[in-house]
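For reference, the chains in residue letters:
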Amino acid sequence: MVAPDGEYFTAMMRRSGPEAAGLTLPAYAPERRVPLTGKQVGIGRRRQSTGESPDIDLSGPPEDPGVSHQHAILVQQPDGSWAVVDQNSTNGTTVNGGEDPIQPYVPVPLREGDRVHVGAWTTLTVVRG
């Protein structure tokens, strides 16, 4: 599930510098279900210059300006569960409302109901189909 998250947005604004002052939470953005298929699922924004697009494209609308083009990947584990791996994104990736971003390139195991936060307001929630 992918959706804007007001609680996460408020926490991000408290931690952000003056460059974030003009950001506002989108008034409306429908929740999306994105099936996790294959061994890896990329999270990011489409590159306008090349048309390259990640599996979970957060370029909008509404576009989350805090999401890097190659922000993170979800990697399927041998037991069928998933882990998130930040791809050294500009603004980092947090899990379950954590204050500190996860380490780049280090897989963090996820369980049912875990929330992955990217960008300024986007939360991906892991749910079984």
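Each remark here, short or long, concerns the structure printed above.
In this convention, every chain numbers its residues from 1, walking through the sequence in written order. Given that the model is predicted, a residue must reach a pLDDT of at least 70 before its local features are reported, and side-chain atom pairs must reach 80 or more before they are shown or counted; all residues, however, enter totals for whole chains, interfaces and linings. Hydrogens are left out, water is left out, and the side-chain values use all remaining heavy atoms of the structure.

*Asks:* Just give me the short version of the nonpolar core, but keep the residues and values in it.
*Replies:* One finds I43, I56, L74 and V84 to be the most contacted residues of the largest nonpolar core, which totals 17 residues. Only runs of H or I of at least four residues qualify as helices and only runs of E of at least two qualify as strands under DSSP, and these elements are numbered from the N terminus. Counting residues per element, the ones that place at least two in this core are β2 (40-44), β4 (72-76), β5 (82-86) and β8 (115-118). Among all residues touching I43, those that are not within four sequence positions of it are P54, I56, L58, H69, Q70, H71, A72, L74, V118 and L124. For this analysis, a nonpolar core means a set of buried residues of the types Ala, Val, Leu, Ile, Met, Phe, Trp, Tyr and Cys, connected via side-chain atoms within 4.5 Å. The cut-offs for exposure are 20% and 50% of the maximum accessible area for each residue type, with area from a 1.4 Å probe on protein chains only; residues under the lower value are buried, those over the upper are exposed, and the others partly exposed. It only takes one pair of heavy atoms within 4.5 Å for two residues to be counted as in contact.

*Asks:* Any details on the sheet that holds strand β3 (residues 56-57)? Residues and values, ideally.
*Replies:* Picture the strands of a sheet paired through backbone hydrogen bonds; they go either parallel or antiparallel. Spatially, β3-β2-β4-β5-β7 is the arrangement adopted by the five strands of the open sheet, whose pairing is mixed. This sheet does not close on itself; its edge strands, each paired only once, are β3 and β7 (108-110). We treat two strands as partners when DSSP finds at least two bridges between them. Judged from the five bridges that link them, β4 and β5 form a sheet pairing that is antiparallel. Looking at the pairing, V75 lines up with A83 of β5.

*Asks:* Hey, could you go over the pairing of strand β9 (residues 122-125) for me, with residue numbers and the actual values?
*Replies:* Bridge count between strand β1 (residues 2-4) and β9: three bridges; the pairing is antiparallel. Each bridged residue has a counterpart across the sheet, and for P4 the counterpart in β9 is T122. Judged from the four bridges that link them, β8 and β9 form a sheet pairing that is antiparallel. Among the inter-strand pairings, V116 is bridged to a residue of β9, identified as L124. Linking β8 back to β9 in an antiparallel pair, the connection comprises three residues, with G119 at a positive phi of about 65 degrees.

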